[in-house]
Amino acid sequence: MVPHLITALTGPINELEQRILDSMPAIERWFRLEWMEHTPPFYSSVDLRNAGFKLAPVDTSLFPVGWNHLTSQMVPLAVQAAMAAIEKICPEARNLLLIPANHSDSPDYLANVAQLAKIFHSAGLNVRIGSVDPTITDTTVRQLPSGEIVTLEPVVRIRGRLATRYFDPCTVLLNTDLSAGAPGILEDLHEQYLLPPLHAGWTVRRKSTHFRNYEDVSKRFGKMLGIDPWLVHSLFGACGDIDLAAPEGRATLAEQVDAVLARVRRKYKEYGIGEKPFVIVKPDNAGEGVLAAETRGVATVRDARDLDGIDLRGDDGTLPRNLIVQEGVPTSEHVGKASAEPVVYMMDRYVVGGFYRVNGRRGPDESLASPGASVVPLDFDDSAHLMQPGGKSAAEAPNRFYMYGVIGRLAMLAASYELEATDPEAEVYE
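Residues numbered from 1 in each chain as written. Predicted model: local features only at pLDDT ≥ 70, side-chain atom pairs only at ≥ 80, totals over all residues. Heavy atoms only, no water.

Within the protein, the regular secondary structure consists of 7 helices and 18 strands. On C-alpha atoms alone, the protein measures out to a radius of gyration of 22 Å, which is about the 22 Å that the 2.2 N^0.38 rule sets for 430 residues. For the protein, the spread of C-alpha atoms along the three principal axes comes to 70 × 65 × 55 Å. Looking at the protein residue by residue over its 430 residues, the buried ones come to 54%. Across the protein, contacts joining residues at least 24 apart in sequence account for 71% of those joining residues at least 6 apart. Of the roughly 19400 Å² of accessible surface on the protein, a fraction of 51% belongs to carbon and sulfur atoms. The protein carries 42 positive and 56 negative side-chain charges, and their two centres are separated by 3 Å. (Helix = DSSP H or I, 4+ residues; strand = E, 2+ residues; numbered from the N terminus. Rg over C-alpha atoms; globule rule 2.2 N^0.38 Å. Buried < 20%, exposed > 50% of the residue type's maximum accessible area, 1.4 Å probe, protein only. Contact = heavy atoms within 4.5 Å. Areas by Shrake-Rupley, 256 points an atom, 1.4 Å probe, with all protein chains shown as cover. Lys, Arg positive; Asp, Glu negative; His and termini not counted. Charge placed at Lys NZ, Arg CZ, Asp CG, Glu CD.)

As structure tokens, this is what we get:
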């Protein structure tokens, strides 16, 4: 089920949201049947954009950070989901080794690691935080602004198993997206569960692959619900290995931008949408994170001719060779006067909470995971304990977070398809 959280939505319920709310029993049954055949990612977070006329995911992380931004009320949901996820994979699990990203001394990120450790400790596991960062050669203590202590221990490999001093885990949980590649120490582990698997990292993943799977999921969901899949899906196109420093590479990107914009214009015309469509151009193999320090390489484009004035170099100054051109979904949501987008957090197949990413420096047609971004937690709707005039319980008020949970789970289901297709150990039947 999806927790009843207070969103920034204050206007009347639109047609899409009403259809999703009215179809809750059918939707939940549909998900139950899907999870009988497919294994959800161990944990995930999904960035959503709500334009009012459509609601779609724009990014899916399989190594989610930002757990420290969930409210204390959400933690018991995360603990319960963690227990279910661990019991499914390793019922006899006792020790869990949590491996954070290398070179990540950010207090915000370490607070996320500390929160994850507390969640799994509350789920009944002994938890240690082990680093594969080569600069961590001895037990290292980091103190957070809150006064909390995070203790990092160097990870060693003994007879094909990962361990720290006097600690032999049966389960290893990664909280690094492997965008710099999978360290050799993590490969070919012996009788240890590695969660998520290495092929969930950006060494293997491509956003275009994920959204191709999501497109298939949205079509099946749309058929079940009797809606146009476009209402919950962003159109996209991918540019393969291109050289943006060469005229041919720029021309290929321009063609893809024109093609996606043309498809979006047709949809806008079909639905009578008067806004000017745009696309987001970004790398095909990297995540944006909860609070990105920079968003170089991510651009809003309304016309292919504008590409000449756009710098697509990444944070390291290099031009990406693989790009995705994705339909831009303008956000209609605001917290105060700042543009906002919901982020949904899931563990196993359960929605455990979320928050708003807010950025007063960015417009509704821009990436909000950029300088100036902040997080606004979502609270539970405690009015369910009150009585409305006329004797009706406020619990009968619609859960407007529910549709976010539905779209988040659709992205999670697409990720499960994606992982199944890229699993190097999967059996192949001719």
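Right, picking up where we left off after that structure.
Of the volumes computed, that of the second largest pocket is approximately 900 Å³. Lining the second largest pocket we find 28 residues, and of these L194, P197, H199, D423 and E425 sit closest to its centre. Among the elements of the structure, helix 3 (75-89), strand 10 (193-195) and helix 7 (402-422) are those that each provide at least two residues to the lining of the second largest pocket. When the residues that make up the lining of the second largest pocket are grouped by side-chain class, the tally is 16 nonpolar, 4 polar and 8 charged. (1 Å grid on protein atoms, 1.4 Å probe; cavity = no way out; pocket = protein on both sides within 12 Å on 5 of 7 lines; lining within 4 Å. Points joined across faces, edges and corners; volume = space filled by probe spheres on them. Nonpolar A, V, L, I, M, F, W, Y, C, P; charged D, E, K, R; others polar.)

With that out of the way, let us pick up the sheet that holds strand 11 (residues 236-239). Strands sit in the order 11-14-12-13 across an open sheet of 4 strands; the sheet is antiparallel. Every interior strand has two partners, whereas the edge strands, strand 11 and strand 13 (299-301), have only one. Shown here is a sheet whose adjacent strand axes are inclined to one another by a mean of 25°, direction ignored. Two strands pair when backbone bridges link them, and strand 11 and strand 14 (residues 323-327) are joined in this way by 4 bridges, in the antiparallel orientation. Residue A238 lies in a different strand from strand 14, and its bridge partner there is I324. On top of the sheet, helix 5 (residues 207-225) reaches strand 11, strand 12 (279-283) and strand 14; it is set at about 150° to strand 11, its chief contact. (Pairing = 2+ DSSP bridges. Axes fitted to C-alpha atoms, helices over the stretch in contact; angles between N-to-C directions.)

Time to look at the pairing of strand 6 (residues 149-154). Bridge count for strand 4 (residues 126-131) against strand 6 is 3 bridges, and the pairing is parallel. When the sheet's bridge partners are listed, S131 is paired in strand 6 with P154. The pairing of strand 5 (residues 140-143) with strand 6 spans 4 bridges and is classified as antiparallel. In the sheet register, Q143 faces strand 6, and the bridge partner there is I149.

Before going further, it helps to examine the nonpolar core. Grouped together as the largest cluster of nonpolar side chains are 106 residues, with contacts concentrated most on W67, F120, L253, V257, V281 and Y404. A total of 11 residues in this core trace back to one element, the largest contributor, which is helix 7. Sequence-distant contacts of L253, defined by excluding residues within four places in its chain, comprise C239, I242, L244, V281, L307, L312, L323 and V325. In terms of nonpolar packing, the next biggest core, distinct from the first, is built from 17 residues, V172, L178, L194 and L419 among them. (Core = buried A, V, L, I, M, F, W, Y, C linked by side-chain atoms within 4.5 Å.)

On to the packing of helix 3 against helix 4 (residues 107-122), then. For the pair helix 3 and helix 4, the least separation of the axes is 8 Å and the interaxial angle reads 65°. In terms of crossing hand, the pair formed by helix 3 and helix 4 is right-handed. Contacts between helix 3 and helix 4 pair V75, A78, V79, A82 and I86 from the former with Q115, I119, F120 and S122 from the latter. In terms of residue class, the contact of helix 3 with helix 4 is built from 7 nonpolar, 2 polar and no charged. (Left-handed = near helix turned anticlockwise from the far one by under 90°.)

What follows covers the environment of V132. Positionally, V132 belongs in the loop between strand 4 and strand 5. Along the backbone, V132 and P154 are 22 residues apart, and their C-alpha atoms lie at a distance of 6.3 Å. The residues contacting V132, other than those within four sequence positions of it, are I99, N102, V155, P183, I185 and L186.

Now for the sheet that holds strand 5. Within the open sheet, the 6 strands sit side by side as 5-6-4-3-9-10. Their pairing is mixed. Strands with a single pairing partner mark the edges of an open sheet, and in this sheet they are strand 5 and strand 10. Adjacent strand axes in the sheet meet at a mean angle of 30°, parallel and antiparallel pairs treated alike. Of the pairings in the sheet, the one linking strand 3 (residues 95-100) to strand 4 comprises 4 bridges and is parallel in character. Its bridge partner lying in strand 4, L96 is registered against V127. Along the sheet, helix 4 contacts strand 3, strand 4, strand 5, strand 6 and strand 9 (171-175); its crossing angle with strand 3, the most-contacted strand, is approximately 170°.

Attention now goes to the side chain of E34. Topologically, E34 is positioned in helix 2 (residues 24-37). On the accessibility criterion, E34 (6% relative accessible area) is buried.

The next thing to look at is the confidence of the model for the protein. With 93% of its residues at a pLDDT of 70 or more, the protein has an overall mean of 90. Low pLDDT, under 50, characterises residues 288-294; the stretch is placed with 28 contacts to residues that sit more than four places away or in other chains. Within the model, pLDDT remains below 50 along residues 385-394, and this stretch shows 9 contacts once partners closer than five positions in the same chain are excluded. (pLDDT = per-residue confidence, 0-100.)

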